[in-house]
Amino acid sequence: MKHSFGSDNHSGVHPQILDAIIRTNSEFAVAYGDDEYSQQVLSQIENMLGGECKAMFAVNGTGANILSLANLAHSSDAILCPATAHINCDECGAPEKIIGCKVIPVEHTNGKVSVESVKKHLHGFGEQHHSQPNVLSISQPTELGTLYTVEEIKALADLMHTHNGYLHIDGSRVSNAAAALDIPIKEFTADAGADALSFGGTKNGLLMGEVVVLFKRVSAHRALFLRKQMTQLYSKARFMAAQFDEYLKDDLYLKLASHSNEMAKYLETRLKEITQIEISRPVETNAVFAYISRELYDKLSEKHMFYIWDEETMEVRWMCSFETGKENIDEFIEDIKNNL
Ligand SMILES: Cc1ncc(COP(=O)(O)O)c(C=O)c1O
């Protein structure tokens, strides 16, 4: 397949990241993150996020989410999240299975919950028959490609803290959020009151690797043990370190994310030429959602890879990645026009 709009995960590995892996291959190093290189890169990530936090590598995005959340929630807790959340729809019940807690989907607009929609679920505290709604998990950007403002995140964090709870951010595409908002990741995580962050890399050019960050209100004393139990402890951690080192150097993570965001904007602009296509969500990062006919989907999918998001409404999702080029979009637009 020469290009895919199916997912940013369909892209390859950025050549600089591959080179960094190869450079790291020439030496021996102790395993499980006890090597100097891993420690140095994790400290760099902690400093980038304000210093008052603990960072650790995780293998994949689902694992990073569950490990983050396991440090915040007990099995008698409920985790609130937008109904569209990856932890609710696409993690095969991992929070329920691994943490043992309840996951409660919350009403959302374009993937975003509000203080009002979360408040409706903040009851039953101290009531022994109720799962305790102690954690809110949001995604930045959301699964629908939209963004919370810093103020919105602050308000959600304050709400949870007022109830002695926590805020987790699924940042599987956190670099796209930082690039789009044009502010450091720290500003909408640590500074906004987030208690845990899943800091993604795989969707934006890494071969594999995510980072779990626990901020100052969270005790990290169980974190390493939980990670091992959850099979998220990768032995040759220096290869994760090499990838994140390169990713953060000269802001490569922002350059790649800015590119994928720009491509989504370009796709949106070109789609607006076609009156038969209705863009269904605000395009704020690297995802474009639209309603198309089943006939058009069938014709386009003979040549182009993308997914139907909602079978009932025929809403489809087109994701742009660091490898998407204008020529891929121009070709796609031509094919849409020729198949109407
Ligand atoms: C918002 C979000 N969070 C988490 C994940 C999980 O990542 P992984 O597939 O690496 O487990 C994904 C993957 O698509 C995602 O879109």
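Throughout, residues of each chain are indexed from 1 in the direction in which the sequence is written. Predicted model: local features are reported for residues with pLDDT of at least 70 only, side-chain atom pairs are reported and counted for 80 or more only, and whole-chain, interface and lining totals are derived from all residues.

Further remarks concern the environment of Val106. Per the convention used, a helix needs a DSSP run of H or I reaching at least four residues, while a strand needs a run of E reaching at least two, with both numbered from the N terminus. Assignment of secondary structure puts Val106 in strand β3 (residues 102-106). For the pair Val106 and Leu42, spaced 64 residues apart in sequence, the C-alpha to C-alpha distance is 33 Å. By definition, residues are in contact whenever their C-beta atoms, placed on the basis of the backbone, come within 7 Å of each other. Setting aside residues up to four positions removed in sequence, Val106 forms contacts with Leu80, Cys81, Pro82, Ala83, Val113, Ser117, Val118 and His121.

Surrounding the ligand, one finds Asn60, Gly61, Thr62, Asn65, His86, Ser139, Glu143, Asp170, Ser172 and Thr202. Think of it as three bins: nonpolar holds Ala, Val, Leu, Ile, Met, Phe, Trp, Tyr, Cys and Pro, charged holds Asp, Glu, Lys and Arg, and polar takes everything else, Gly as well. Partitioning the shell around the ligand into residue classes produces no nonpolar, eight polar and two charged. Should the C-beta atom of a residue, placed from the backbone, lie within 6 Å of a molecule or strand, that residue is near it.

What follows covers helix α14 (residues 326-339). Residue count minus one, scaled by 1.5 Å, sets the expected span of a helix. Look at α14: 20 Å from first C-alpha to last across 14 residues, which is about the 20 Å you get at 1.5 Å a residue. Among the residues making up α14, those that are buried are Ile329, Phe332 and Ile336. In a view along the axis of α14, the buried residues occupy a sector of 65 degrees, so they form one face of it. With respect to the buried face of α14, the exposed residues turned more than 90 degrees away are Glu327, Glu334, Lys337 and Asn338. Three exposure classes are used, based on other C-beta atoms lying within 10 Å of a residue's own C-beta, which is placed from the backbone: buried for 20 or more, exposed for 12 or fewer, and partly exposed in between. What the arc describes is the spread of directions from the helix axis to the C-beta atoms.

Here we come to the pairing of strand β5 (residues 166-171). Here β5 lies mainly inside the structure; six of its six residues are buried. The side-chain alternation of β5 yields two buried faces, one formed by Tyr166, His168 and Asp170 and the other by Leu167, Ile169 and Gly171. Pairing between strands is defined by DSSP: at least two bridges between the two strands are required. Of the strand pairs in this sheet, strand β4 (residues 132-139) and β5 are connected by five bridges, and their pairing is parallel. What sits directly across from Val135, in β5, is Tyr166. Consider the strands pointing away from the viewer: the crossover is right-handed when the path from the first strand over the helix to the second runs clockwise. Taken together, β4, helix α7 (residues 150-162) and β5 form a β-α-β motif whose crossover is right-handed. Where β5 meets strand β6 (residues 196-199), four bridges bridge the pair, whose relative direction is parallel. Looking across to β6, one finds that His168 is bridged to Ala196.

Moving on: the environment of Gln16. Positionally, Gln16 belongs in helix α1 (residues 15-24). The partly exposed category is assigned to Gln16, around which 16 C-beta atoms lie within 10 Å. Once the C-alpha coordinates of Gln16 and Gln243 are considered, the two residues, 227 residues apart in sequence, prove to be 8.7 Å apart. In this view, Gln16 contacts Glu246 and Leu252; residues no more than four positions away in its chain are not counted.

Let us look at the packing of helix α8 (residues 174-181) against helix α12 (residues 252-271). Axis definition: a line fitted to C-alpha atoms, over the contacting stretch in the case of helices. Angles run 0 to 180 degrees between N-to-C directions. Orientation of α8 relative to α12, taken along the N-to-C sense of each, is 75 degrees, at an axis distance of 8 Å. It follows from the interaxial angle that α8 and α12 lie roughly perpendicular. Contact with α8, carried on its side by Ser175, Asn176, Ala178, Ala179 and Ala180, involves Tyr253, Leu254, Ala257, Ser258, Ser260 and Asn261 of α12 and no other residues of that element. Classifying every residue of the contact of α8 with α12 gives six nonpolar, five polar and no charged. Roughly parallel means an angle under 35 degrees; roughly antiparallel, over 145; roughly perpendicular, 65 to 115; everything else is oblique.

Looking now at the domain arrangement of the protein. Boundaries between domains were set according to an automatic or database domain assignment. The domains assigned to the protein are domain 1 (13-251) and domain 2 (252-339). Using C-alpha coordinates to define each centre, domain 1 is positioned 27 Å away from domain 2. In this assembly, 23 residues from domain 1 lie in contact with 18 residues from domain 2. Looking at the side of domain 1 that touches domain 2, the element that brings in the most residues is α8, giving six residues.

Once that is clear, we can look at the packing of α12 against α14. Any two packed helices are characterised by the angle at which their axes cross and by the distance between the axes. Where α12 contacts α14, the axes come no closer than 10 Å and their chain directions differ by 25 degrees. Here α14 runs roughly parallel to α12, going by the angle between their axes. α12 and α14 meet at a crossing whose hand is right-handed. Two secondary-structure elements touch here, α12 through Met263, Tyr266, Leu267 and Arg270 and α14 through Lys326, Ile329 and Ile333. Its residues placed into classes, the contact of α12 with α14 shows five nonpolar, no polar and two charged. Should the near helix be turned counterclockwise from the far one by less than a right angle, the crossing is left-handed, whereas a clockwise turn marks it as right-handed.

What follows concerns the environment of Ile333. If you trace the backbone, Ile333 turns up in helix α14. When the C-alpha positions of Ile333 and Leu271 are compared, they lie 7.0 Å apart, and in sequence the two are 62 residues distant.

What links the strands of a sheet is backbone hydrogen bonding, and the strands pair in either a parallel or an antiparallel sense. The sheet built from four strands is open, its strands ordered β8-β9-β11-β10 with antiparallel pairing. Each edge of the open sheet is held by one strand with a lone partner, namely β8 (278-279) and β10 (307-310). Bridging between β10 and strand β11 (residues 315-319) involves three bridges; their strand directions are antiparallel. Counted as the bridge partner of Asp310 is Glu315 from β11. Contacting β8, β9 (287-291) and β11, α12 crosses the sheet at an angle of about 25 degrees to β9.

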